[in-house]
Amino acid sequence: MGKSAYFIRTFGCPVHCPWCDSAGTWHKDYVPKDIEKFNAIELADMAAEHSPDFVVVTGGEPAVHDLKELTAELHNRGLVVHLETSGAFEIKGQFDWVTLSPKELKMPLKENLRSADEIKIIVDRKDAIDYWVDKIGSLVKSDHIWLHPEWSQRSDPNIINSITKWVKKHGSPYRAGYQLHKIFKADSLDKRSRLTVPLGGNKELGY
Ligand code: SF4
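Residues numbered from 1 in each chain as written. Predicted model: local features only at pLDDT ≥ 70, side-chain atom pairs only at ≥ 80, totals over all residues. Heavy atoms only, no water.

Q: Looking at this structure, I do not really get the side chain of S162. What am I missing?
A: Mapping S162 onto the fold places it in helix α5 (residues 157-170). A relative accessible area of 13% means that S162 is categorised as buried. Setting aside anything within four residues of it in sequence, one finds S162 in contact with V123, K126, I129 and P157. (Helix = DSSP H or I, 4+ residues; strand = E, 2+ residues; numbered from the N terminus. Buried < 20%, exposed > 50% of the residue type's maximum accessible area, 1.4 Å probe, protein only. Contact = heavy atoms within 4.5 Å.)

And the structure:
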């Protein structure tokens, strides 16, 4: 049986990857004028209403915020709490699972790499996997290393082939990944979602 996840997207990220399509890093031309804010209790209550198998705190970059109160409120309601982070900031809060997706513009902290339960490498050029294995491979302890094509390049055979070849050659702990929620429109079908906008300012690429 599948598992259900409830996502809490925190606002803001100082990293500014050029291909970022996260609504937490609004491009200056697309900053919404009306942002409804929720406190930790309200967020935890909303998550608990849906009885998810786990809650994912993501962003933007959630670790720029102090998440102790939010994770405590979620745990008080019996919820399992995951974090998605670039790993570049001290993690403040208690998490049951941490997914770390490193970014070149702000490298992850060593302690976060060592303690991450899962690594997600975004493959944005054909030598990206070699680059990341060289940079962080010796620090990572996790048995789960996902290789995801950067979304705007998901049809580029150079990117896809680099993932396929790596997984065929090295096997575990590497796994080929894909942002399936985008195909299933998990975000845009939610009535609380905002319309997709080119947050990086590139209307043709959509980010
Ligand atoms: S770290 Fe993540 S949220 Fe921040 S700019 Fe990069 S891709 Fe976007």
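Q: I'm lost on the packing of aromatic side chains in this one. Help?
A: The relative placement of two aromatic rings is captured by the distance of their centres and the angle of their planes. Within this structure, the stated rule accounts for 3 aromatic pairs. Aromatic pair Y131 and W132: ring centres 5.1 Å apart, planes at 85°, arrangement edge-to-face. Note on W132: relative accessible area 3%, which makes it buried. The ring of Y131 carries R125 above its face, with NZ or CZ at 5.0 Å from the centroid. (Phe/Tyr/Trp six-rings, centres within 6.5 Å; stacked < 30°, edge-to-face > 60°. Lys NZ or Arg CZ within 6 Å of the ring centre and 35° of its normal.)

Q: Explain the sheet that holds strand β1 (residues 5-9) to me, please; I cannot follow it from the model alone.
A: As a general point, the strands of a sheet are linked pairwise by backbone hydrogen bonds and lie either parallel or antiparallel. With parallel pairing, the 7 strands of this open sheet are ordered in space as β1-β2-β3-β4-β5-β6-β7. Looking at strand neighbours, the two that pair on one side only are β1 and β7 (174-176), the edges of this open sheet. This sheet shows a mean twist of 25° between the axes of neighbouring strands, independent of strand direction. For strand β2 (residues 54-58) and strand β3 (residues 81-85), the ladder comprises 3 bridges, and the chain directions are parallel. Bridge assignment links V56 to a residue of β3, and that residue is H82. This element, helix α4 (residues 128-136), spans β5 (118-123), β6 (145-149) and β7 of the sheet and lies at about 140° to β5. (Pairing = 2+ DSSP bridges. Axes fitted to C-alpha atoms, helices over the stretch in contact; angles between N-to-C directions.)

Q: Mind showing me how you'd approach the packing of α4 against α5 here?
A: Helix packing geometry: the angle between the two helix axes and the distance between the axes. Packing of α4 against α5 brings their axes to within 9 Å, and their N-to-C directions diverge by 50°. Taken together, the axes of α4 and α5 lie oblique to each other. Where α4 abuts α5, its residues I129, D130 and V133 lie against S162, I163 and W166. A breakdown of the residues in the contact of α4 with α5 according to their chemical character gives 4 nonpolar, 1 polar and 1 charged. (Parallel < 35°, antiparallel > 145°, perpendicular 65-115°, else oblique. Nonpolar A, V, L, I, M, F, W, Y, C, P; charged D, E, K, R; others polar.)

Q: Can you walk me through empty space enclosed by the protein in this structure?
A: In this approach, a probe sized like a water molecule rolls over the atoms, and the result shows the empty space that is left. All told, the structure shown has 1 cavity of 30 Å³ or more when counted by the stated rule. In this structure, the largest cavity occupies an estimated 50 Å³ of space. Along the walls of the largest cavity sit I119, I121, V133, I136, G137, V140, I145 and Y174, which together make up its complete lining. Elements represented by at least two residues in the lining of the largest cavity include exactly β5 and α4. The class makeup of the residues in the lining of the largest cavity is 7 nonpolar, 1 polar and no charged. (1 Å grid on protein atoms, 1.4 Å probe; cavity = no way out; pocket = protein on both sides within 12 Å on 5 of 7 lines; lining within 4 Å. Points joined across faces, edges and corners; volume = space filled by probe spheres on them.)

Q: Can you walk me through the nonpolar core in this structure?
A: The nonpolar side chains of a soluble globular protein tend to be buried with one another. By size, the foremost hydrophobic cluster in this structure holds 18 residues, and its most contacted members are L113, I119, I121, V123, I145 and L147. Of all elements in the fold, only β5, α4, β6 and α5 reach the threshold of two or more residues within this core. With 4 residues, α4 is the largest single contributor of residues to this core. Every residue in contact with L113, bar those within four places of it in the chain, is listed here: L100, P108, I119, I136, L139, V140 and K141. Listed in part, the 16 residues of the second largest apolar core include I8, L67, L74 and V98. (Core = buried A, V, L, I, M, F, W, Y, C linked by side-chain atoms within 4.5 Å.)

No statement about biological role is implied by the geometric values presented.
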